[in-house]
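Overview (structure and organization)
Below are the chains, spelled out letter by letter.
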Amino acid sequence: MTTRSETQTTLDHLLTEIEHRNPAQPEFHQAAHEVLETLAPVVAARPEYAEPGLIERLVEPERQVMFRVPWQDDQGRVRVNRGFRVEFNSALGPYKGGLRFHPSVNLGVIKFLGFEQIFKNALTGLGIGGGKGGSDFDPHGRSDAEVMRFCQSFMTELYRHIGEHTDVPAGDIGVGGREIGYLFGQYRRITNRWESGVLTGKGQGWGGSLIRPEATGYGNVLFAAAMLRERGEDLEGQTAVVSGSGNVAIYTIEKLTALGANAVTCSDSSGYVVDEKGIDLDLLKQIKEVERGRVDAYAERRGTSARFVPGGSVWDVPADLALPSATQNELDENAAATLVRNGVKAVSEGANMPTTPEAVHLLQKAGVAFGPGKAANAGGVAVSALEMAQNHARTSWTAARVEEELADIMTSIHTTCHETAERYDAPGDYVTGANIAGFERVADAMLAQGVI
Ligand code: GLU
């Protein structure tokens, strides 16, 4: 029998090879490290997982598509962006994952997101594989007409790679209801098919699911609540710092408030807002969703309880809970040390990989409950899968039904991660629990389906 340390040596060799084969993709290396570092116990315990080629296949996307996206701005100037879709793993179902439109997007970023998505989607227990896509297009400051032309050009290439049984994109940073609408319209026009299950995050009335916009944020709060419950606590009266001010952050704040916590912050790339009375969601939604403005406008209009801190780190604000909901690597070791000094009890990731590896280790060592994104933020993609189910059945469920299913899924993800961590001698370590539980499900399906 192979020992854990022998297995870890094999996995470390594989990580070195991943770095060589995928140069200049630091985010992908980070995501691969974070998973492979925790798999030794399960690979050592179950010899079938040590089969040559299994993990090598898991870290190599099934397909990677890169394409030119030309579009005309409002002045008639031709602009050129790059489009991506990484179809990482379809052992459990059609590739599923969002599209991110942000200037920081490159192949390595999309690969890290697609890799995370495999395990996240597996944890939901639903039939969805892992994929991710996007573009380095920056929607900030672009008119609706420009965004529409960009989306149409993007879909004019993407349509040939996707389909309700093949690959089902959705939103992510920079892609919300407006963009999904334009993308769906162009797909429908090109294919001449009403194929509602080809995209999720659609609008109400044309195939969208109730609670999909809320699902990632609501789900993360439910996951945080489950971690607290494990420690004999609940959300009532807890102060929470939330970063970001997009869809995930907004609905995180909404659920925290509904469950009796006080969410006192939000942020964007210009700085953060602290509002000691708790964030006023109507005002934040007006500024971010209607006016597409910046968070400093919130502080200006809110009155004396709120102030805007330009630059600065939102993690300096003392709180019981931290819910990073902006982007990758936004919470580093220094920020984690500050949170611990200020007595944080739980950190739950609404964004994908927002906490750096050093920060995760520091938090875990300090005894803080840490919910990794692939478990904690799986509510969004889970409700996407419920949207697909409704589309296939040509029906739509009530908000109450979707919310109930979401709550059941989040509870079950929490239980799975918790129990798996205990089974592999890492009690309370949700990172290990999530990685191993997600891996087992995907690996079993891959083994059963042969070498493909
Ligand atoms: N972009 C979201 C995520 O990171 C949602 C993906 C989806 O709904 O397909 O999980």
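Residues numbered from 1 in each chain as written. Predicted model: local features only at pLDDT ≥ 70, side-chain atom pairs only at ≥ 80, totals over all residues. Heavy atoms only, no water.

**Digging into the sheet that holds strand S9 (residues 271–275)**
Overall, antiparallel pairing links the three strands, which are arranged S8-S9-S10 in an open sheet. Two strands close off the open sheet at either side, each with one partner strand: strand S8 (265–268) and strand S10 (306–310). Strand after strand, the sheet turns through a mean of 20° between neighbouring axes, direction not considered. The sheet contact formed by S9 and S10 spans five bridges and is antiparallel. For valine 273, the partnering residue across the bridge sits in S10 and is phenylalanine 308. (Pairing = 2+ DSSP bridges. Helix = DSSP H or I, 4+ residues; strand = E, 2+ residues; numbered from the N terminus. Axes fitted to C-alpha atoms, helices over the stretch in contact; angles between N-to-C directions.)

**A word on the nonpolar core**
By size, the foremost hydrophobic cluster in this structure holds 52 residues, and its most contacted members are Leu256 and Ile413. Ranked by residues supplied to this core, first place goes to helix H8 (residues 212–230) with eight residues. Once residues lying within four places of it in the same chain are set aside, the contact partners of leucine 256 are Val221, Leu235, Ala240, Val242, Ala261, Ala263, Leu321 and Leu323. Grouped together as the second largest cluster of nonpolar side chains are 41 residues, Ile55, Val59, Ala122 and Met446 included. (Core = buried A, V, L, I, M, F, W, Y, C linked by side-chain atoms within 4.5 Å. Buried < 20%, exposed > 50% of the residue type's maximum accessible area, 1.4 Å probe, protein only. Contact = heavy atoms within 4.5 Å.)

**Some points on the site of the ligand**
Close contacts around the ligand come from 14 residues, with Lys96, Lys120, Gly171, Asp172 and Ser384 the closest. Protein coverage of the free-state accessible area of the ligand, which is 300 Å², stands at 94%. The residue inventory of the shell around the ligand, partitioned by class, reads two nonpolar, seven polar and five charged. (Near = heavy atom within 4 Å. Areas by Shrake-Rupley, 256 points an atom, 1.4 Å probe, with all protein chains shown as cover. Nonpolar A, V, L, I, M, F, W, Y, C, P; charged D, E, K, R; others polar.)

**Comments concerning helix H1 (residues 4–21)**
Taking 1.5 Å of rise per residue, 18 residues should cover 26 Å, and H1 covers 25 Å from first to last C-alpha, within 8% of that figure. Among all positions of H1, only Thr7, Gln8, Leu11, Leu14, Leu15 and Ile18 are buried. For H1, the angular spread of buried residues about the axis comes to 120°, placing them on one side. In H1, the exposed residues that point more than 90 degrees away from the buried face are Ser5, Thr10, His13 and His20. Contact partners of the buried residues in H1: helix H2 (26–36), helix H3 (40–45) and helix H4 (54–58). (Expected span 1.5 Å × (residues − 1). Arc of directions from axis to C-beta.)

**Focus: the environment of proline 52**
Position of proline 52 relative to the elements: it lies in the loop between H3 and H4. Residue proline 52 is classed as exposed on the basis of its relative accessible area, which comes to 74%.

**Here we look at empty space enclosed by the protein**
Gaps left between atoms are located by rolling a probe of water-molecule size over the structure's atoms. Here the structure, examined in full by the defined rule, presents one cavity of 30 Å³ or more. A volume near 110 Å³ is recorded for the largest cavity. Elements that contribute at least two residues to the lining of the largest cavity include exactly H2, helix H13 (357–365) and helix H14 (373–376). When the residues that make up the lining of the largest cavity are grouped by side-chain class, the tally is five nonpolar, four polar and four charged. (1 Å grid on protein atoms, 1.4 Å probe; cavity = no way out; pocket = protein on both sides within 12 Å on 5 of 7 lines; lining within 4 Å. Points joined across faces, edges and corners; volume = space filled by probe spheres on them.)

**Looking at helix H10 (residues 281–290)**
Buried residues of H10: Leu281, Leu283, Leu284, Lys285, Ile287 and Lys288, and no others. Residues of H10 that are buried sit in contact with helix H9 (247–258), S8 and helix H11 (296–302). Where H10 starts, the residue carrying a side-chain oxygen 3.1 Å from the main-chain nitrogen of aspartate 282 turns out to be aspartate 280. Two residues or fewer after H10 comes arginine 292, characterised by a positive phi angle close to 50°. (Polar contact = N/O pair within 3.5 Å; in protein donor to acceptor, adjacent residues only side chain to side chain.)

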